[in-house]
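# Architecture and fold: a report
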Amino acid sequence: MSSKSRLGAFALLALLAGCASVTRTPYEPATPTPAPAPASGSPYVAEPGRDAATIAAMRAAPAPAAPELAIGRSQSGDQSGLAAQGFVRIGSARYRLDEAAAKDAALREGQRAGADRVLLYAPAPGASAGEWLAAYFVRFKLPFGATFRDLQPAERATVGGGGVEIGSVVGGTPASRANLIAGDFVIALDGKPVADRGDFQDRLKRSAGRAVTLTVVRNGESLQRVVRLGTLSAGGQD
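Residues numbered from 1 in each chain as written. Predicted model: local features only at pLDDT ≥ 70, side-chain atom pairs only at ≥ 80, totals over all residues. Heavy atoms only, no water.

### Re the packing of aromatic side chains
The line we're drawing: We call Phe, Tyr and Trp rings a pair once their centres come within 6.5 Å, taking the six-membered ring for Trp, and we label the pair stacked below 30 degrees between planes, edge-to-face above 60, and tilted otherwise. Numbering of helices and strands starts at the N terminus; helices are DSSP runs of H or I of at least 4 residues and strands are runs of E of at least 2. Working definition: with a 1.4 Å probe on protein chains only, accessible area under 20% of the residue-type maximum means buried, over 50% means exposed, and in between means partly exposed. Note on geometry: a ring has a charge over it if NZ (lysine) or CZ (arginine) is within 6 Å of the ring centre and within 35 degrees of the ring normal.
As enumerated under the stated definition, the model contains 4 aromatic pairs in all. Each ring, one from Tyr-44 and one from Tyr-136, has its centre 5.3 Å from the other, and the planes form 65°; the classification is edge-to-face. Note that Tyr-44 is positioned in the loop between helix 1 (3-23) and strand 1 (45-46) and Tyr-136 in strand 5 (residues 131-139), a separation of 92 residues in sequence. Look at Phe-148 and Phe-200: their rings are 4.9 Å apart centre to centre, the planes differ by 80°, and that puts the pair in the edge-to-face class. A residue pair is termed long-range when its members are at least 10 positions apart, and Phe-148 in strand 6 (residues 146-150) and Phe-200 in helix 7 (residues 197-206) qualify at 52 residues. As far as burial versus exposure is concerned, Phe-148 and Phe-200 are alike and both buried. The residue whose ring lies beneath Arg-112 is Tyr-44, and the NZ or CZ to ring-centre distance is 5.3 Å.

### Notes on unusual backbone geometry
If you check the backbone angles, Asn-179 has positive phi at about 65° while not being a glycine. With respect to the helices and strands, the residue Asn-179 is situated in the loop between helix 6 (174-177) and strand 8 (185-189). Unlike most non-glycine residues, Asp-190 shows phi in positive territory, near 50°. Relative to the helices and strands, Asp-190 is located in the loop between strand 8 and strand 9 (192-193).

### Notes on the nonpolar core
For the record, the criterion: In plain words, nonpolar cores are sets of buried Ala, Val, Leu, Ile, Met, Phe, Trp, Tyr and Cys residues tied together by side-chain atoms within 4.5 Å.
Grouped together as the largest cluster of nonpolar side chains are 22 residues, with contacts concentrated most on Ile-90, Tyr-95, Ala-106, Ala-134, Tyr-136 and Phe-140. One finds Phe-148, Val-164, Ala-175 and Val-216 within the second-largest nonpolar core, a separate group that totals 18 residues.

### Details of the side chain of Arg-59
Inclusion rule: Residues adjacent in sequence count toward polar contacts only when both atoms are side-chain atoms; beyond that, a polar contact is any pair of N or O atoms within 3.5 Å, and within protein one must be able to donate a hydrogen and the other to accept it. Throughout, a residue-residue contact means that at least one pair of heavy atoms, one from each residue, lies within 4.5 Å.
Secondary-structure assignment places Arg-59 in the loop between helix 2 (52-58) and strand 2 (68-71). One polar contact links Arg-59 to Asp-116, side chain to side chain, over a distance of 2.7 Å. If we ignore the near neighbours within four places in the chain, the residues touching Arg-59 are Pro-64, Gly-114, Asp-116, Val-138, Arg-139, Phe-140 and Lys-141.

### Regarding the pattern of salt bridges
The condition that has to hold: Definition used for salt bridges: Asp or Glu carboxyl oxygen within 4 Å of a side-chain nitrogen of Lys or Arg.
Under the definition given, this model contains 13 salt bridges. Among the salt bridges present, the one from Arg-96 reaches Glu-131, with a minimum N-O distance of 3.2 Å. Of this pair, Arg-96 sits in strand 3 (residues 87-96) while Glu-131 sits in strand 5, and the two are 35 residues apart along the sequence. The exposure class assigned to Arg-96 is exposed, which follows from its relative accessible area of 60%. Using a relative accessible area of 19% as the deciding quantity, one classes Glu-131 as buried. The shortest N-O distance in the salt bridge between Lys-103 and Glu-99 comes to 3.3 Å. On the criterion of helical spacing, the pair formed by Lys-103 and Glu-99 is a turn pair, its members being 4 residues apart in helix 4 (residues 99-113). Since its relative accessible area comes to 30%, Lys-103 is described here as partly exposed. On the accessibility criterion, Glu-99 (37% relative accessible area) is partly exposed.

Purely geometric numbers; function is a separate question.
So this is what it looks like as structure tokens:
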């Protein structure tokens, strides 16, 4: 090949390489999860919306010097039991260690995350050898006292607009005292339609410390429920 041809081929390859570098797009998660900055190599994964600032604002009491650690039995059962006491799961981690080392690592991570309680689950039969699951919980102030989610398209069509569906309701909280139950659709707050989960959450925060009237659809029937919300003052409890 002549020197002129070699130069032409080199130029073509350089041009193609340049085009490839321009069109390459790095992967980015569609919905990044806010989380406390973990220590280097930390396996801790925060639950969505459980960043350090939110935890600090919502916790019922200052973080303990060291979290309480116990061996869990059933993830769903344990979480339901803790939820009834106002505990919210803030994150999880997996450790491929022996039991003693997993307990030590889980306690250190729980202290860093500001957890009140840590539940450690033994490896399931057939799972990766030595892989322990740690679940981290913080007791939150519960000015409302129930979880809620966005409505699915079919549910929005059923209620004729936006709103949220009530999930678990913690006993002894404003939501419980107002007789809200899992499966209720909340479609309005003080007569104004609820758009979605974010809208409902923001309006609950703005209404903290006073009574609000929720319009609820339950089994196709429209109901009114008065909820006397707790406060969000630092260090206070419902």
